[in-house]
Amino acid sequence: ANNATMATKPRMRRWSPLTCLTRAPLSQSGLIILESHDNEVVTLVRTNVELRYNGSGPLPLPSASSDSAEAKAPWNPRDVGLSCHVTTHRIVLLDEKDVVGGSIPLPLVQTAREAGGPSWRSPTGSYKIEISTHAWGELSIVFRGGESNSYRESAKHRDDALDAIHKALKRKAWTDKERQMRKEENKASKAIASKKVGVDAIMTRNALRHRENAILADAAFGGENERGAKSTSVMKKKNNKNEDIDAFMREATELIKVIHKYSATIERERAASASATSSAGKGESSGKDTAKLVDMMENMGMTSALSQKQSGSDYHKQLARHLFDFLRHNDKLTKAGGMMTLTDVYCLYNRARGTNMISPEDLIKALDLMKELNLGISKRSFSSGVIVVQDDAFDDEVMAKKLADLASSLDIAGPMTGITVMDVCRSFKTSALLANEQLLSAEQMGWLCRDSTIEGVRFFPNLFKTADFSSYAPSPVR
């Protein structure tokens, strides 16, 4: 009876300051989905914070996105155990346990000031940031010192977060989109091309656009052309390192737009090549151009990620979530058969990050946390010592059966030929190291047996596993 009562008990919808904020979309791993079209960037992450509502009475709870009617839980003016993410556009607070996120858009922030700290009445008073907003009134973010729960660390976390918020409010990155649109309309390529017609106008516009993109790249990365030299001279006059970084970000805004445009071009080209019905010559030329563009983008490094200084004590958890999203993007892990060696993951991920690379120790620590975070990917060690990253849905029994079927199919070409590591590499598009481990695992499970000779090692189907000897029955004597 008690079980029946618990089963029919309606789910209570959380009602707190966090759920009353603007909903923050999250990825599969629980990371914030940034507004890439507005060039949003995360500048700081701090953990173990509280969100409090300082007004009287409860905040209005937004309507549920789902059709199912959920009962509303009693109002709780405080959320604990959150992580605070400051971006160029908003302040995002996440409850990683319940996978709930709420954001405070910076255009709605009137003031952000420090509060709390030790006093003669309260020697261990909480360090807080009091935020006055247009939409939710007075809110407070209380810092508890991160994972270490240190009172001294909480003061530093509060000061770092407040500094990041003030910088974002001063820069007003959310207005860059309008500024860039006005700048786009006044570009020379449009002004000159508008005076021409037909094919000449198209060719002139494309030539000028490529020239502007080249100048833009030189200006952002310190080129030697006229505009780049001017930009470099301006940067040298600045003595403050933070101002230099802000100036670089302003210069690179248009470059990011060009990169996103090329990324969209790559996706269109891949989709077109999959269903292409054009001539062989045209398809081959398009494929070469796409491959060249993909190689250029991968070498530039297109994965944005926080540094250890910005993420603080939550760095390895954030890195684990970044790794998950990276391996799930375009089904990298699935296309690799659900398993990749640690070396392959390290090289691919660092190549995507460009100059912001991670160390092998950071990679291992992040992989160790994946099981705890229930991301669906985990680290696995074979008996030989080889470490791989494996999808939790990967089934050793299924892979062993595939290898046994491969050995049987190759035996048809020539009796008792068996399969080698290279045969598995060609058939499953995997590395020799991983193929060897999978063959040894299939042998241990009884699906294969081996024959070691001076020519090497070959694996054969284990007939005692299937009890099917028909393919190897001796031919009748005539």
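Structure: above.
Calculation notes
Residues numbered from 1 in each chain as written. Predicted model: local features only at pLDDT ≥ 70, side-chain atom pairs only at ≥ 80, totals over all residues. Heavy atoms only, no water. Buried < 20%, exposed > 50% of the residue type's maximum accessible area, 1.4 Å probe, protein only. Helix = DSSP H or I, 4+ residues; strand = E, 2+ residues; numbered from the N terminus. Pairing = 2+ DSSP bridges. Contact = heavy atoms within 4.5 Å. Axes fitted to C-alpha atoms, helices over the stretch in contact; angles between N-to-C directions. Phe/Tyr/Trp six-rings, centres within 6.5 Å; stacked < 30°, edge-to-face > 60°. Salt bridge = Lys/Arg side-chain N within 4 Å of Asp/Glu carboxyl O.

Novice: For this particular structure, what's the right way to read the pairing of strand 10 (residues 137–143)?
Specialist: Of all 7 residues in strand 10, 5 are buried, a share of seventy percent or more. As defined by bridge partners, strand 3 (residues 42–53) adjoins strand 10 across 5 bridges and the pair is classed as antiparallel. Looking across to strand 10, one finds that E50 is bridged to V142. Inspection of the sheet shows strand 9 (residues 127–133) paired to strand 10 by 7 bridges, in the antiparallel sense. Looking at the pairing, S132 lines up with E138 of strand 10. If you look at the hairpin formed by strand 9 and strand 10, you'll find 3 residues sitting between the two strands.

Novice: Even after reading the chapter, I still don't get the side chain of S154, so can you show me in this structure?
Specialist: With respect to the helices and strands, S154 occurs in helix 3 (residues 151–171). Not counting residues within four places of it along the chain, the set of residues in contact with S154 comprises Y127, F143, R144 and G145.

Novice: What is the right way to read the sheet that holds strand 9 from this model?
Specialist: Sheet strands associate in pairs through backbone hydrogen bonding, adopting either a parallel or an antiparallel arrangement. What the 8 strands build is an open sheet, ordered 2-7-6-5-3-10-9-8; its pairing is antiparallel. Whereas interior strands pair on both sides, the edge strands pair on one side only; in this sheet they are strand 2 (22–23) and strand 8 (109–116). Here 2 bridges tie strand 2 to strand 7 (residues 100–105), and the two strands are oriented antiparallel to one another. For R23, the partnering residue across the bridge sits in strand 7 and is G102.

Novice: It is not clear to me how the sheet that holds strand 13 (residues 387–391) should be interpreted in this structure. Could you clarify?
Specialist: Here we have 3 strands laid out as an open sheet, ordered 11-13-12, and antiparallel in their pairing. Among the strands making up the open sheet, the edge pair consists of strand 11 (339–341) and strand 12 (377–381). Going across the sheet, the axis of each strand differs from the next one's by a mean of 30 degrees, ignoring polarity. Across 5 bridges, strand 12 lies against strand 13 in antiparallel orientation. Paired with R380 across the two strands is V388, which belongs to strand 13. Each of strand 11, strand 12 and strand 13 touches helix 17 (residues 432–444); the most contacted strand, strand 11, lies at about 125 degrees to it.

Novice: Could you clarify how one ought to interpret the packing of aromatic side chains in this entry?
Specialist: By convention here, two paired aromatic rings are described through the distance between centres and the angle between planes. On inspection of all chains with the given rule, the structure shows 4 aromatic pairs. Plain terms: the ring middles of W15 and W75 are 5.6 Å apart, the flat faces sit at 65 degrees to each other, and that makes the pair edge-to-face. Of this pair, W15 sits in the loop between strand 1 (12–13) and helix 2 (17–20) while W75 sits in the loop between strand 4 (71–72) and strand 5 (78–87); the two residues are 60 residues apart in sequence, bridging distant segments of the chain. Its relative accessible area of 15% is what places W15 among the buried residues. The partly exposed category is assigned to W75, whose relative accessible area is 23%. Ring geometry for F326 against Y349: centres 5.3 Å apart, planes inclined by 65 degrees, an arrangement best described as edge-to-face.

Novice: Explanation requested: the environment of I364 in the structure shown.
Specialist: Following the sequence through the fold, I364 ends up in helix 14 (residues 360–373). Accessibility expressed as a relative area gives 31% for I364, which makes it partly exposed. When the C-alpha positions of I364 and H316 are compared, they lie 9.4 Å apart, and in sequence the two are 48 residues distant. Apart from the residues lying within four places of it in its own chain, the contact partners of I364 are L342 and K379.

Novice: I tried to follow the pattern of salt bridges on my own but got confused; where do I start?
Specialist: For side chains bearing opposite charge, pairing can occur when the charged atoms are close. Evaluated as defined, the whole model comprises 20 salt bridges. Between K379 and D368 there is a salt bridge whose closest N-O contact spans 2.8 Å. Pair noted here: K379 is in strand 12 and D368 is in helix 14, with a separation of 11 residues, a long-range link. Between E443 and R450 there is a salt bridge, with the nearest N and O atoms lying 3.0 Å from each other. Since its relative accessible area comes to 22%, E443 is described here as partly exposed. Of the residues examined, R450 reaches a relative accessible area of 41% and is grouped as partly exposed. When salt bridges with common partners are traced through the structure, they connect R14, D79, D95 and D98 into a single cluster.

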